[in-house]
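As a plain string of letters, each chain reads:
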2 protein chains.
Amino acid sequence: MIFESTRSLSASLEDYLQAIFWTVAAKGAARAKDIARQLGVKASSVTGALQTLAEKKFVHYQPYEAITLTAEGFDEAARVAQRHFIVREFFVRVLGLDEAVADKEACRMEHCVGDDVAERLATLMEFVKAHPEMQSGVSQLLAERDHSDGMPASVRRGPVTVADLRSGQKAVIVAVRSGAALARRLVDMGLGRGALVEVEGVAPTGDPIRVKIRGYQLALRRTEAAAISVVGK
Amino acid sequence: MIFESTRSLSASLEDYLQAIFWTVAAKGAARAKDIARQLGVKASSVTGALQTLAEKKFVHYQPYEAITLTAEGFDEAARVAQRHFIVREFFVRVLGLDEAVADKEACRMEHCVGDDVAERLATLMEFVKAHPEMQSGVSQLLAERDHSDGMPASVRRGPVTVADLRSGQKAVIVAVRSGAALARRLVDMGLGRGALVEVEGVAPTGDPIRVKIRGYQLALRRTEAAAISVVGK
DNA sequence: TGACGAAGTTAGGCACGCCTAATAATATTA
DNA sequence: TAATATTATTAGGCGTGCCTAACTTCGTCA
């Protein structure tokens, strides 16, 4: 892993802590067996994880005895669980994702979402709850997009085009809608898939968009810009 | 790592692919040196990663020669970059996060967000762009919450209370607002931090909330429920 | 009490992903 | 062209986190 984890625990240890947290809440204490079953690992892996968690003072652990959380362990586990919950609720209530899918996605996200993002997501959800018209507007737009069709994402037109970029942003071209007059113009310049575009300026009305591609300066009309699917940086 | 990665590449290899993607876009080809500098790793680590990526047919790699992406490598890199971009834009434009912070968070998220979530986020952003009143409403609420104050998240009242739960959901109590008459009632029952609550039913008006705690059945008024900070499951 | 089975632990192996140190290939410059 | 500097590769080591296999501890029941 390259990205610096500002967290005190690895994703894996967070998972162990979660399993202990929920088991302790339900039964008063956790046994290695429970944890192994929940996480789908062997008992020996649990022992190893418990030793590490005990070293870090997150669990009370004596060999062969039931496991409980320390105060710090409880706090840490609660933070992770909170992130999981907020992310899942956001997926379900705002993005309209299926419950089961949302929960699985949240299992991955709980390890990488920062607390600041989680809090802001919670605030956003509060806003959405207070404004149901927005909720319905979003779900309508989602339905139009028909996310559940069988088409692979790579076939559908990408969600980002040059028209979505802000001044100063860079992007890589992934497709140019064929048939557009622009397509020929760009191809004539030897451009296309893989080329880097840089937005130099956008007029206040959003219409002429000045871009730089491979040293060339171009002015694109909004409709032309919207025909160029890109991946932004 | 316990959570099953449905991805074809590890987070680490995705990072290498990203570095190659942007370098190739800017300069036509990448050298190991560039990649090492961008990712903050040693050259020998780059060689190892390149060999793995070449095995998986994501890069064209011959020892001592410049590196380019295969068609599959380009597609994969573009997908990751797209996720990064959409997540960052969401953080900045909807959650009002600082650009630099958003970018760093997105670096972590790009590896765990599913394509379905990314697409839905893009759709949500489209909606927000078309409804600026929502944008401003959210930022106002965010400002009220004052996310930038110095208080640690653990001190502020948690964002989720029993009143936020839906029927059937479970949660763990993390705090009961002192002063509430309910606090005594719960403490008398031996409850508090760490106890499991289960919502059995919510009246249509949302007012009496029936919950089960440690076998006891309770009916809570909405104001009481809102005094119990929990972590939902 | 002593034997048995379940639960838990230790020891050792493997894959990943980073590192350092030594070596090899390529570029640059005299 | 030869010496040197830069860049890249190999070899071997270390931490993490999983595994299997062998062993220990604990609780139960005859």
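Residues numbered from 1 in each chain as written. Chains lettered and ligands numbered in written order. Predicted model: local features only at pLDDT ≥ 70, side-chain atom pairs only at ≥ 80, totals over all residues. Heavy atoms only, no water.

Engineer: Tell me about the protein's contact with DNA strand D, and please be specific about residues and values.
Structural biologist: As a matter of local geometry, DNA strand D sits amid 21 residues, with A:S10, A:S45, B:T47, B:Q51 and B:Y61 nearest to it. Here, DNA strand D places atoms within 4 Å of the protein, and 81% of those atoms are sugar or phosphate. B:T47 is positioned with one of its side-chain polar atoms (N or O) 2.8 Å from a phosphate oxygen of DNA strand D. Between B:Y61 and DNA strand D, the recorded distance is 2.3 Å, taken from a side-chain N or O atom to a phosphate oxygen. Those elements that provide at least two residues to the surface near DNA strand D are α1 (11-27) and α3 (43-55) of chain A together with α2 (32-39) and α3 (43-55) of chain B. At four residues, the largest contribution of residues to the surface near DNA strand D is made by α3(B). (Near = heavy atom within 4 Å. Polar contact = N/O pair within 3.5 Å; in protein donor to acceptor, adjacent residues only side chain to side chain. Helix = DSSP H or I, 4+ residues; strand = E, 2+ residues; numbered from the N terminus.)

Engineer: Which residues make up the state of the cysteines, and what values do they have?
Structural biologist: Overall, the coordinates contain one disulfide over all chains when judged by the stated rule. A sulfur-sulfur distance of 2.2 Å marks the disulfide that ties A:C112 to B:C112. Negative torsions about the S-S bond denote left-handed disulfides, and the value of about 100° found for A:C112 with B:C112 makes this one right-handed. On the criterion of chain membership, the pair formed by A:C112 in the loop between α5 (99-109) and α6 (115-130) and B:C112 in the loop between α5 (99-109) and α6 (115-130) is interchain, its members lying in two chains. On the basis of relative accessible area, B:C112 is assigned to the buried category, the value being 7%. In this model A:C107 remains outside any disulfide bridge; the closest cysteine sulfur is found in A:C112, 12 Å from its own. (Disulfide = S-S within 2.5 Å. Buried < 20%, exposed > 50% of the residue type's maximum accessible area, 1.4 Å probe, protein only.)

Engineer: Go over the pairing of strand β6 (residues 216-220) of chain B with me, naming the residues and quoting the values.
Structural biologist: Residues and elements named next belong to chain B. Pairing of strand β5 (residues 209-213) with β6, which is carried by five bridges, proceeds in the antiparallel orientation. The residue of β6 that forms the bridge with I209 is L220. The antiparallel pairing of β5 with β6 creates a hairpin that spans two residues between the two strands, and R214 there sits at a positive phi of about 50°. (Pairing = 2+ DSSP bridges.)

Engineer: Summarise the relation of the copies chain B and chain A; cite the residues concerned and give the values.
Structural biologist: Take chain B, turn it by 180°, move it 0.0 Å along the axis, and it overlays chain A with an RMSD of 0.1 Å. Those values place the two copies in the arrangement expected of a two-fold rotation axis. When the interface residues of chain B are mapped onto chain A, 100% of them again fall at the interface, so both copies present the same face. (Least-squares fit on C-alpha atoms with pLDDT ≥ 70 in both. Contact = heavy atoms within 4.5 Å.)

Engineer: Break down the interface of chain B and chain A for me, citing the residues and quoting the values.
Structural biologist: The interface is formed by 79 residues belonging to chain B together with 79 residues belonging to chain A. Here B:D75 and A:R193 are joined by a salt bridge, their closest N and O atoms 2.3 Å apart. Our count for the chain B to chain A interface comes out at 22 residue pairs in polar contact (both at pLDDT 80 or more). Elements with a contribution of two residues or more to the side of chain B that touches chain A: α1 (11-27), α4 (71-93), α5, α6, α7 (132-145), β3 (170-176) and β7 (228-232) of chain B. No other element matches the 13 residues that α4(B) contributes to the side of chain B that touches chain A. Looking at side-chain class alone, the side of chain B that touches chain A contains 46 nonpolar, eleven polar and 22 charged residues. (Salt bridge = Lys/Arg side-chain N within 4 Å of Asp/Glu carboxyl O. Nonpolar A, V, L, I, M, F, W, Y, C, P; charged D, E, K, R; others polar.)

Engineer: Can you explain the sheet that holds β3(B)? Please cite residues and give values.
Structural biologist: Residue and element names in this part refer to chain B. One open sheet accounts for five strands, arranged β6-β5-β4-β3-β7; its pairing is antiparallel. In this open sheet, the two edge strands, each paired with only one partner strand, are β6 and β7. Along the sheet, successive strands turn relative to each other by an average axial angle of 40°, direction set aside. Of the strand pairs in this sheet, strand β4 (residues 196-202) and β5 are connected by five bridges, and their pairing is antiparallel. Looking across to β5, one finds that V197 is bridged to I213. Packing of helix α8 (residues 181-188) onto the sheet brings it into contact with β3, β5, β6 and β7, and relative to β6 it is tilted by some 175°. (Axes fitted to C-alpha atoms, helices over the stretch in contact; angles between N-to-C directions.)

Engineer: Kindly report on the protein's contact with DNA strand C, identifying the contributing residues and their values.
Structural biologist: Around DNA strand C, 21 residues are found, and the nearest of them are A:Q51, A:Y61, B:S10, B:S44 and B:S45. Note that a phosphate oxygen of DNA strand C is positioned 2.6 Å from one of the side-chain N or O atoms of B:S10. Here a phosphate oxygen of DNA strand C sits 3.0 Å away from a polar atom, N or O, in the side chain of B:Y16. Only α2 (32-39) and α3 of chain A together with α1 and α3 of chain B provide two or more residues apiece to the surface near DNA strand C. Taken together, the residues that form the surface near DNA strand C break down as ten nonpolar, eight polar and three charged.

Engineer: Now, about the environment of A:A71: what can you tell me, with residues and values included?
Structural biologist: Residue and element names in this part refer to chain A. For A71, the location among the structural elements is in helix α4 (residues 71-93). A relative accessible area of 53% means that A71 is categorised as exposed. C-alpha of A71 to C-alpha of F58: the two residues are 13 residues apart in sequence and 7.5 Å apart in space.

Engineer: Just give me the short version of the packing of α4(B) against α6(B), but keep the residues and values in it.
Structural biologist: Residues and elements named next belong to chain B. Axis separation between α4 and α6 bottoms out at 9 Å; the angle between their running directions is 40°. For the element pair α4 / α6, the angle class is oblique. In this structure, the crossing between α4 and α6 has a hand that is left-handed. Counting all contacts with α4, which are made through R79, R83, I86, V87, E89, F90 and R93, the residues of α6 involved are D115, A118, L121, A122, L124, M125 and K129. Tallied by class, residues from the contact of α4 with α6 come to eight nonpolar, no polar and six charged. (Parallel < 35°, antiparallel > 145°, perpendicular 65-115°, else oblique. Left-handed = near helix turned anticlockwise from the far one by under 90°.)

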